[in-house]
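Spelled out, the chains give:
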Amino acid sequence: VQLQAFGGGLVQAGGSLRLSCVASGRSFSSYTMGWFRQAPGKEREFVAHISRSGTSTTYADSVKGRFTISRDNGRDTVYLQMTSLKPEDTAVYYCAASASGWGPTVLKQTGYDYWGQGTQVTVSS
């Protein structure tokens, strides 16, 4: 499956952005989906995960209550709605697809089989 993320940009602190990730290729609904981010000089970190049906979601503590992951299997798209953005949210955001999508593996990069190219989010103070 190929993934393409877009929607990043420059926003002031307190603002909002919605990222989208469109999948092509194999059946999108057979994958659980995740968002990760990587800030300059830091390792890539888990942000959010959503189950195949969209009924179950998991978030990193740092974004809980501010970010919302959702998916539209009819449009082969996963979204990340980001609100109350902070300068520390500045990073390249990546979407990823997991064939197994099982338990704690979804919190780690190694739990994913396919990755998008990333989209830059910059939050100014």
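Residues numbered from 1 in each chain as written. Predicted model: local features only at pLDDT ≥ 70, side-chain atom pairs only at ≥ 80, totals over all residues. Heavy atoms only, no water.

**Describing the pattern of salt bridges**
Counted by the stated rule, this structure contains five salt bridges. Ionic pairing is found between D61 and K64, a salt bridge with its closest N-O pair at 3.2 Å. Overall, D61 belongs to the exposed group, its relative accessible area being 67%. Across the pair R66 and D89 runs a salt bridge, and its minimum N-O distance is 2.7 Å. Of this pair, R66 sits in the loop between β6 (57-59) and β7 (67-72) while D89 sits in the loop between β8 (77-82) and β9 (91-98), placing them 23 residues apart in sequence. Each member of the pair, R66 together with D89, is buried. (Salt bridge = Lys/Arg side-chain N within 4 Å of Asp/Glu carboxyl O. Buried < 20%, exposed > 50% of the residue type's maximum accessible area, 1.4 Å probe, protein only. Helix = DSSP H or I, 4+ residues; strand = E, 2+ residues; numbered from the N terminus.)

**Digging into the side chain of H49**
If you trace the backbone, H49 turns up in strand β5 (residues 45-50). Among the residues examined, H49 registers a relative accessible area of 6% and is labelled buried. Here T32 takes part through its side chain, which lies 3.0 Å from a polar atom of the side chain of H49. When near neighbours in sequence (up to four residues on either side) are disregarded, H49 contacts T32, M33, G34, S56, T57, T58, I69, V106 and Y112. (Polar contact = N/O pair within 3.5 Å; in protein donor to acceptor, adjacent residues only side chain to side chain. Contact = heavy atoms within 4.5 Å.)

**A look at the side chain of S98**
Mapped onto the secondary structure, S98 falls in strand β9. Of note is the side chain of S98, whose polar atom sits 3.5 Å from the backbone nitrogen of S100. Polar side-chain contacts of S98 include one of 2.8 Å to the backbone oxygen of G111.

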